[in-house]
Amino acid sequence: MSEQRVEAETATDAAAAAWLLVLSSVFLCNLLKILLPSCSSVISKLLQKDVEQESQMRSDIQNMKQELATISMMDEFARYARLERKINKMTDKLKTHVKTRTAQLAKIKWVINIVFYILQAALMISLIWKYYSEPVTVLPSKWLAPLERLVAFPTGVAGGVGITCWLVVCNKVVAIMLHPFS
Amino acid sequence: MNSEERISRIMGFHRPKADDDTHSETKLQLEQDKSTIPVPSVSKRVVLGDTVCSLAGTADHGSSAVEHKGEKKDLFNIAPEVGSDGTTELRQRSRGDLMEQRTPQHGLDQYLSRFDEAMKLRNQLMSEKPSQENGNAAEEFDSFRIFRLVGCALLAIGVRAFVCKYLSIFAPFLTLQLAYMGLSQYFPKSEKKTKTTVLTAALLLSGIPAEVISRSMDTYSKMGDVFTDLCVYFFTFIFCHELLVFFCSEAP
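Here the structure is a predicted model, which is why all the values come from computation and not from measurement.

Asks: What am I meant to see in the environment of B:R114 here?
Replies: Residues and elements named next belong to chain B. By the element assignment, R114 lies in helix 9 (residues 102–134). On a C-alpha basis, the gap between R114 and P209 in space is 9.6 Å, while along the polypeptide they are 95 residues apart. With residues near it in sequence (within four places) discarded, R114 still touches L204, L205, S206 and G207.

Asks: Whenever I open this one, the UniProt feature "transmembrane region" (unreviewed entry) in chain B confuses me. Can you help?
Replies: Summarizing the sequence annotation, UniProt attributes the feature "transmembrane region" (unreviewed entry) to residues 226–248 of chain B in the numbering used throughout. As annotated, residues 226–248 of chain B comprises 100% helix and 0% strand, and the C-alpha atoms at either end are separated by 32 Å.

Asks: What's the story with the interface of chain A and chain B in this structure? I'm lost.
Replies: One frequently used descriptor of interface size is the decrease in accessible area upon assembly of the parts. In this complex, chain A contributes 23 residues to the contact, which on the side of chain B involves 21 residues. Among the residues of chain A in contact with chain B, A:W143, A:I176 and A:H179 are the three that bury the most area, contributing 31% of the side total. Where chain A meets chain B, there are 0 salt bridges. Of all the secondary structure elements, the ones that give two or more residues to the side of chain A that touches chain B are helix 2 (18–47), strand 1 (137–138), helix 5 (141–144) and helix 7 (163–178) of chain A. The leading source of residues in the side of chain A that touches chain B is helix 7 of chain A, at 8 residues. For the side of chain A that touches chain B, the per-class residue count stands at 19 nonpolar, 2 polar and 2 charged.

Asks: How should I be thinking about the UniProt feature "transmembrane region" (unreviewed entry) in chain A in this particular structure?
Replies: Residue and element names in this part refer to chain A. Mapped onto the present numbering, the UniProt feature "transmembrane region" (unreviewed entry) falls on residues 16–36, 110–132 and 152–178. Structurally, residues 110–132 is divided into 91% helix and 0% strand, and its ends, taken at the C-alpha atoms, are 32 Å apart. Across residues 152–178, helical content stands at 63% and strand content at 7%; the span's end C-alpha atoms are separated by 27 Å.

Asks: Just checking my understanding: could you explain helix 2 of chain A for this structure?
Replies: Think of an α-helix as turning once every 3.6 residues; residues three or four places apart then point the same way. Its 30 residues give helix 2 of chain A an end-to-end C-alpha distance of only 38 Å, which falls more than 12% under 44 Å, the value for a rise of 1.5 Å per residue. Considering bend angle alone, the principal kink of helix 2 of chain A is centred on A:L36 and spans about 55 degrees; proline A:P37 follows within four residues of it.

Asks: I would appreciate a short explanation of the confidence of the model for chain A in the present structure.
Replies: Any segment with low pLDDT has predicted coordinates that should not be analysed in fine detail. Scored by pLDDT, chain A has a mean of 87; 91% of the residues are at 70 or more. Summarising per-element confidence for chain A, the mean pLDDT is lowest in helix 1 (residues 2–16) of chain A (55) and highest in helix 7 of chain A (94).

Asks: Is there a simple way to think about the environment of B:M217 in this case?
Replies: Residues and elements named next belong to chain B. Along the chain, M217 turns up in helix 14 (residues 210–250). Among the residues examined, M217 registers a relative accessible area of 23% and is labelled partly exposed. In sequence terms M217 and T196 are 21 residues apart; their C-alpha atoms lie 9.8 Å from each other. Setting aside residues no more than four positions away along its own chain, M217 makes contact with T197, L199 and T200.

Asks: I'm lost on a nonpolar patch on the surface in this one. Help?
Replies: Nonpolar side chains collect at one region of the surface, where A:W110, A:V111, A:I114, A:V115, A:I118 and A:L119 lie side by side and expose about 600 Å² of accessible area between them. If you trace the backbone, A:I114 turns up in helix 4 (residues 77–130).

Asks: Any chance you could explain the confidence of the model for chain B here in plain terms?
Replies: Residues and elements named next belong to chain B. In the predicted model, chain B carries a mean pLDDT of 67, and the fraction of residues at 70 or more is 48%. For the stretch residues 16–95, pLDDT sits under 50, and the model shows 79 contacts to residues farther than four places along the chain or on other chains. Here the complex is predicted with pTM 0.61, and the ipTM for its interfaces comes to 0.78.

Asks: Explain the UniProt feature "coiled-coil region" (unreviewed entry) in chain A to me, please; I cannot follow it from the model alone.
Replies: The UniProt entry lists residues 73–100 of chain A under the feature "coiled-coil region" (unreviewed entry), expressed in the numbering used here. A helix fraction of 86% and a strand fraction of 0% characterise residues 73–100 of chain A, whose end C-alpha atoms lie 35 Å from each other.

Asks: Hey, could you run me through helix 3 (residues 51–70) of chain A in this one?
Replies: Residue and element names in this part refer to chain A. End to end, helix 3 covers 29 Å across 20 residues, agreeing with the expected 28 Å (1.5 Å per residue, within 8%). Those residues of helix 3 lying buried are E54, M57, I61, M64 and L68. End-on view of helix 3: buried residues confined to an arc of 85 degrees, all on one side of the axis. The outward face of helix 3, more than 90 degrees from its buried face, is lined by the exposed residues E52, Q66, A69 and T70.

Conventions we followed
Residues numbered from 1 in each chain as written. Chains lettered and ligands numbered in written order. Predicted model: local features only at pLDDT ≥ 70, side-chain atom pairs only at ≥ 80, totals over all residues. Heavy atoms only, no water. Helix = DSSP H or I, 4+ residues; strand = E, 2+ residues; numbered from the N terminus. Contact = heavy atoms within 4.5 Å. UniProt positions renumbered as here; feature names shortened; annotations may be inferred. Buried area = accessible area lost by both parts, 1.4 Å probe. Salt bridge = Lys/Arg side-chain N within 4 Å of Asp/Glu carboxyl O. Nonpolar A, V, L, I, M, F, W, Y, C, P; charged D, E, K, R; others polar. Expected span 1.5 Å × (residues − 1). Bend = angle between axes of the 7 residues up to and from the residue. pLDDT = per-residue confidence, 0-100. Buried < 20%, exposed > 50% of the residue type's maximum accessible area, 1.4 Å probe, protein only. Patch = residues over 30% accessible without salt bridge, like charges linked within 9 Å, V, L, I, M, F, W, Y side chains within 5 Å. Areas by Shrake-Rupley, 256 points an atom, 1.4 Å probe, with all protein chains shown as cover. Arc of directions from axis to C-beta.

The following block contains the structure:
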């Protein structure tokens, strides 16, 4: 008997926290959306391990250029030409490397964005699915007159706040709250 | 396909592909004649008729309009006669032709003027973009807006605490919105730049006056503000209500 009472209380608490669950989901989604560029750059840095090699190549080119500046073209033409060819070759290699890395970076960012939006959509759909027939919170229907049907959509419960209305309200308020940080 | 070709296609000035070469030839001929004719502007004016008036400011469009009039090929062809016989014959002939083509000419004229407006709008948009990016935050959260949002939140708390036992929660909100309409004139109006969007450009191109568009955009933004206020009000109300319910149920 007492177990049943505990279960009923837990169910009531869960139903009472529905509005908070939706609110926190919307807040998290919006927060992640703001942090998405920095997150994707961190992830791409972790995935791309050859950045050090690139910096090494850059420093090598710099050193060779300095060395080239010290060599007289008239006196040591062969050495000068050899070094210049080496610099050109390394510069070309670096260019190709940078090009590949940039393309890879764009691809990673694109994938992260897509994954995020898919997850967000899945979360929203699951929330709507879960609270399709039950309101996220219930108020006395007199308070919401004359818009009680609109607010309760799609539940149809008099005085209830439907998931669609609550999602819209939460999105708007969270966007206002996070606007200074975006 | 460039913009001029698109315009001529929209206006129904289709030109067969085979005509292109002959047309370019006639154009070349006209240009050659221009150098021989003592008053070249006169002949151009005759050819274009009343289109010249509005297209005078936009030389490029004017020239493009000349380029894409396949139907006026005969007019171009008689250009050498102007050099030999004078302009009177040409005037008579062109008037006769213009009477037939007055309606499409007029339409093209209107369309080109709208196109010019849209291009100006686009340029304005391009120039405004960097400044908007810089001053976006300041523009969006001006003092009146913050005042509105805070007012709505405070009203929601007040309504939850005292009023909602007696009437609908939307009644005080509507009263507050009416009060804001009155109060808005006492707040410094930030210079609201007309937001030029693709929608406004499309509306301009479809022939709606700029004044009507700006007014409707203003109304639209006001409706958006009211909706934002309603969201904040409703959210604060529900939040307070849930907090009250939670603490009241915990207390005993």
